[in-house]
Amino acid sequence: MSPWVRGTALPRPRPEGLGLARFNALGRDDNLAVLLRCCGSRRWAERVAAHRPYPDLESLLAASDEACYDLNPAELDEALAEESLSPQPLVGARGPGTLAAHTALRAAHAEYERRFRHVFVICLDGYRDDELLDQVLSALRTRLNNEADEERAVTADELRRLARGRLRRLMAAVGQ
């Protein structure tokens, strides 16, 4: 099972295996709906949709990155609002100390949201299930020390990485 949990801003459950060819062939409204599942900014989704058809996955990911880099503060807020505000237990987090770790995770999320006024997002692609809880707790501890502007930049980059991962999984296809 992949670690798709809202709140810790892991990739959210989305239809997988759509494929690039089917993605390119979707009507505009369906395409926007699919894209908004990857990143909650309407402007981001419109920009990515406008450049179809994509010849390959790398072109799609490059367009996604460019659209993320161009998000203004209000559009970033819009995207963050689509991420869950309540942390969920992480897949693979079991064993001694897990309850205490999840309690610490909830407290750290609450402090982060109080301090920065938005949800904590982190891309955990590439980590094993048994590493997720440690990675999230470590990142929260580190990022709580950031100044607001610095954290805003880190958050925007994490959101960009999340969108890439979600798109990559969406395009993992049958019928590309």
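Residues numbered from 1 in each chain as written. Predicted model: local features only at pLDDT ≥ 70, side-chain atom pairs only at ≥ 80, totals over all residues. Heavy atoms only, no water.

Draft legend 1. The packing of helix H5 (residues 73-81) against helix H8 (residues 148-171), seen in detail. One can describe the packing of H5 onto H8 by two numbers: an axis separation of 11 Å at closest approach and a directional angle of 60°. Here H5 lies oblique to H8, going by the angle between them. Crossing of H5 over H8 shows left-handed handedness. Here Pro73, Leu76, Asp77, Ala79 and Leu80 of H5 come into contact with H8, specifically with Arg152, Thr155, Ala156 and Leu159. (Axes fitted to C-alpha atoms, helices over the stretch in contact; angles between N-to-C directions. Helix = DSSP H or I, 4+ residues; strand = E, 2+ residues; numbered from the N terminus. Parallel < 35°, antiparallel > 145°, perpendicular 65-115°, else oblique. Left-handed = near helix turned anticlockwise from the far one by under 90°. Contact = heavy atoms within 4.5 Å.)

Draft legend 2. Main features of the pattern of salt bridges. Taken as a whole and assessed by the stated rule, the structure comprises 15 salt bridges. The shortest N-O distance in the salt bridge between Asp125 and Arg169 comes to 3.4 Å. Of this pair, Asp125 sits in the loop between helix H6 (98-116) and helix H7 (132-143) while Arg169 sits in helix H8; the two residues are 44 residues apart in sequence, bridging distant segments of the chain. For Asp125, a relative accessible area of 31% corresponds to the partly exposed category. Among the salt bridges present, the one from Arg128 reaches Asp130, with a minimum N-O distance of 3.0 Å. The class of Arg128 is exposed, set by a relative accessible area of 51%. Connected through salt bridges with shared partners, the residues Asp65, Asp157, Arg160 and Arg164 form a single ionic network. (Salt bridge = Lys/Arg side-chain N within 4 Å of Asp/Glu carboxyl O. Buried < 20%, exposed > 50% of the residue type's maximum accessible area, 1.4 Å probe, protein only.)

Draft legend 3. Region of the structure containing the environment of Arg141. Relative to the helices and strands, Arg141 is located in helix H7. What makes Arg141 exposed here is its relative accessible area of 55%. C-alpha separation for the pair Arg141 and Tyr112, spaced 29 residues apart in sequence, amounts to 9.1 Å.

Draft legend 4. Quick peek at the environment of Val136. The residue Val136 is located in helix H7 in this model. For the pair formed by Val136 and Leu105, sequence separation is 31 residues and the distance between their alpha carbons is 7.9 Å.

Draft legend 5. Layout of the packing of aromatic side chains. If you walk through the whole model with that rule in mind, you get three aromatic pairs. The structure contains a cluster of three or more aromatic residues connected by ring pairs, namely Tyr112, Phe116 and Phe120. (Phe/Tyr/Trp six-rings, centres within 6.5 Å; stacked < 30°, edge-to-face > 60°.)

Draft legend 6. Fine view of helix H4 (residues 57-69). Its 13 residues place the ends of H4 18 Å apart at the C-alpha level, agreeing with the 18 Å of an ideal helix rising 1.5 Å per residue. Three or more residues of H4 are buried, namely Leu60, Leu61, Ala63, Ser64, Asp65, Ala67 and Cys68. Elements that come into contact with the buried residues of H4 comprise helix H1 (20-25), helix H3 (42-50) and H8. Put simply, Asp56 is the residue that caps the front of H4, since its side-chain oxygen is 3.3 Å from the backbone nitrogen of Glu58. (Expected span 1.5 Å × (residues − 1). Polar contact = N/O pair within 3.5 Å; in protein donor to acceptor, adjacent residues only side chain to side chain.)

Draft legend 7. Spatial organisation of the state of the cysteines. Applying the stated criterion across every chain yields a total of zero disulfides. The cysteine Cys38 is free of any disulfide, with Cys39 supplying the nearest cysteine sulfur at 8.4 Å. Judged by its relative accessible area of 2%, Cys38 is buried. Summary of cysteine pairing: Cys39 is not part of a disulfide, and the nearest cysteine sulfur, belonging to Cys68, is at 4.9 Å. (Disulfide = S-S within 2.5 Å.)

Draft legend 8. Structural detail: the packing of helix H2 (residues 28-36) against H3. Where H2 meets H3, the axes come as close as 9 Å, and the angle between the chain directions of the two elements is 125°. Viewed along their axes, H2 and H3 adopt a mutual orientation that is oblique. When you trace H2 past H3, the crossing you get is right-handed. Of the residues in H3, those touching H2 at Arg28, Asn31, Leu32, Leu35 and Leu36 are Arg42, Trp44, Ala45, Glu46, Val48 and Ala49. Here the residues of the contact of H2 with H3 are counted per class, giving seven nonpolar, one polar and three charged. (Nonpolar A, V, L, I, M, F, W, Y, C, P; charged D, E, K, R; others polar.)

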